[in-house]
Amino acid sequence: MSRAAGVLRDAGRVGTASARCSSPRVGPGPRPPACAPRRDPWPSSPASRMSIQSELFKTFAREEAMRRSKISIIGTGSVGMACAISILLKGLGDELALVDANDQLVQGETMDLQHGSPFARMPSIVLVVSNPVDILTYVAWKLSDLAPNRVLGSGCNLDTARFRVLLGQRLGVHSESCHGWVLGEHGDSSVPVWSGVTVAGVPLRSLNKHLGAKGDPEAWGRVHQGVVASAYQIIRMKGYTSWAIGLSIADLAESILRNLRRVHPISTRVKGLYGISKDVFLSIPCVLGENGVAEHVRVPLSADEEAGLQKSADALWGIQKDLQF
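To start, this report covers the structure provided alongside it. (Residues numbered from 1 in each chain as written. Predicted model: local features only at pLDDT ≥ 70, side-chain atom pairs only at ≥ 80, totals over all residues. Heavy atoms only, no water.)

**Some thoughts on helix α5 (residues 157-171)**
And step 1. Taking 1.5 Å per residue, 15 residues should reach 21 Å; α5 reaches 21 Å between its end C-alpha atoms and fits that length.
And step 2. N157, L158, D159, T160, R162, F163, L167 and G168 are the residues of α5 that are buried.
And step 3. Tucked into the core, α5 has its buried residues touching β7 (178-179), β8 (182-183), β9 (191-192), α6 (221-238), α7 (243-257) and β12 (262-269).
And step 4. Where α5 ends, the next residue or the one after it, G172, has phi of about 80°, a positive value. (Helix = DSSP H or I, 4+ residues; strand = E, 2+ residues; numbered from the N terminus. Expected span 1.5 Å × (residues − 1). Buried < 20%, exposed > 50% of the residue type's maximum accessible area, 1.4 Å probe, protein only. Contact = heavy atoms within 4.5 Å.)

So, in C-alpha cells, the structure goes:
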C-alpha cells in the first residue's frame, strides 16, 4: 500500500510519501482541553451518585490520559475523503494520514489537502467504517492485538441520526429535540428502541402504547423503514453515500480526540450483555473518550428489542465462527 502521511503536522517539512505542512486551526476558539471525566459540578451525596452511576454504566476499560493525536484514514475514495475533509473542518487531530493502494490517487489527495490546509486547520484507536461494519470491527480487533475498548465501528451512529431526523420531520420539531436509538447490527436488521423514544422527556409510548409495533394505528414503524431505505435511495440517486457518513465519523473522532465522553451508538464488543453469549460486535450506547469506549450504557430494552439484539448476534456469529486468525 502507498501512504501519504502527516498532512497536518510540522511546518517546514514538506515531502511526498511523508508530506508535512502547518495547519492553522479554523473554528471558534482554541481546542478545548480534555475534560475531567469524574469531576461532578453538581453537589450530591457520594453514595447516591455512585449508586446511579453503577446502575447506569458498565465500565468497559480503565481510562488513561492521552497526549498527541493522529488520525489515519485507510482508503481515499468518496467516503474516505468525505471523512478527511469533515475531520479537517472540525479541526481535529495533530496529524492526518491517508493510506490507499492507488499511489497516484493518495499523493494527489494529499497535495490537494496540503494546499488547502492553511485555510482549514491519536491515541492508538481503530475506528472501522467499511461494511459489513460489525464483522469487520471484530476482524480488526482480532488482527490488531488492541484491547476491545480501542477497536470500534461506526455502527448505528448514522442510523440513529437518520432516525431522529425522520422523527423530527414527522413531529414537526428539530431532530435534536428527539431522543431515540437504533441499536444492534448496522443495516436492514437494526433494532429501533421505541421503548426509549422521548421528546422533552415525554416517552412517546406513554401516548401510544403500540408505538412502532405491528398494531400501531399511526404506523410509526415506517420511520425505521425510512432509516433502512435512505441509504439505498441516496445510492440510487447519486451513486454512493459520502457526506453523512463523513460527518458521522468526524463526530466520533471529535468525541475521542477532545475526550468529550459523549454517548454514541457504536459497534463494540457486547459479549455478556443483553443475554448475548457470542463474541460479537454490535451497536449499543457507549461513552466515548480519549481511550475509546470507556463505558457501556445500560439501556433498558423491551423483550422484543432484546430479542432483536440476540438475533443479530446469532446471525453475525454464524458468519464469524468459521474465521481463522
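Structure shown, so let's carry the discussion forward.
**Things to note about α6**
And step 1. Over its 18 residues, α6 extends 26 Å from the first C-alpha to the last, a length consistent with the 26 Å expected when each residue adds 1.5 Å.
And step 2. At A229, α6 is deflected by roughly 40°, the largest bend along its length.
And step 3. Of the residues making up α6, those classed as buried are G221, V223, H224, V227, V228 and S230.
And step 4. If you follow the buried residues of α6, they end up packed against α5, β8 and β9.
And step 5. In the segment just after α6, G239 is the residue with positive phi, at about 100°. (Bend = angle between axes of the 7 residues up to and from the residue.)

**A word on unusual backbone geometry**
And step 1. A cis geometry characterises the amide bond from N131 onward to P132, with omega recorded as 0°.
And step 2. By the element assignment, P132 lies in the loop between β5 (126-128) and α4 (133-144).
And step 3. Phi is positive for D145, which is not a glycine, with a value near 65°.
And step 4. Even without a glycine there, the phi angle at Y274 is positive, about 50°.
And step 5. Exposure remark for Y274: the relative accessible area of 17% places this residue in the buried category.

**Let's talk about the packing of aromatic side chains**
And step 1. With the rule as written, the count across this model stands at 5 aromatic pairs.
And step 2. An angle of 50° between the planes, with centres 5.7 Å apart, marks the rings of W141 and F281 as tilted. Pair noted here: W141 is in helix α4 and F281 is in strand β13 (residues 281-289), with a separation of 140 residues, a long-range link. Each member of the pair W141 and F281 is classed as buried.
And step 3. Aromatic ring contacts, followed pair by pair, group Y138, W141, F281 and F325 into a single cluster.
And step 4. Of note, R164 hangs over the ring of W181, and the distance from its end group to the ring centre comes to 4.7 Å. (Phe/Tyr/Trp six-rings, centres within 6.5 Å; stacked < 30°, edge-to-face > 60°. Lys NZ or Arg CZ within 6 Å of the ring centre and 35° of its normal.)

**Describing a nonpolar patch on the surface**
And step 1. Residues I85, L89 and W243 make up a contiguous nonpolar surface patch of about 330 Å² in total accessible area.
And step 2. Following the sequence through the fold, I85 ends up in helix α2 (residues 78-89). (Patch = residues over 30% accessible without salt bridge, like charges linked within 9 Å, V, L, I, M, F, W, Y side chains within 5 Å. Areas by Shrake-Rupley, 256 points an atom, 1.4 Å probe, with all protein chains shown as cover. Salt bridge = Lys/Arg side-chain N within 4 Å of Asp/Glu carboxyl O.)

**Here we look at the environment of V129**
And step 1. With respect to the helices and strands, V129 occurs in the loop between β5 and α4.
And step 2. Given a relative accessible area of 22%, V129 falls into the partly exposed group.
And step 3. A sequence separation of 120 residues divides V129 from I249, and the C-alpha atoms of the two residues are 8.0 Å apart.
And step 4. Among all residues touching V129, those that are not within four sequence positions of it are V79, S154, I245 and I249.

**Describing the sheet that holds strand β11 (residues 202-203)**
And step 1. Overall, antiparallel pairing links the 3 strands, which are arranged β7-β10-β11 in an open sheet. Lying at the two open borders of the sheet, with one neighbouring strand each, are β7 and β11.
And step 2. Here β7 pairs with strand β10 (residues 198-199) via 2 bridges, running antiparallel. Looking at the pairing, H179 lines up with T198 of β10. (Pairing = 2+ DSSP bridges.)

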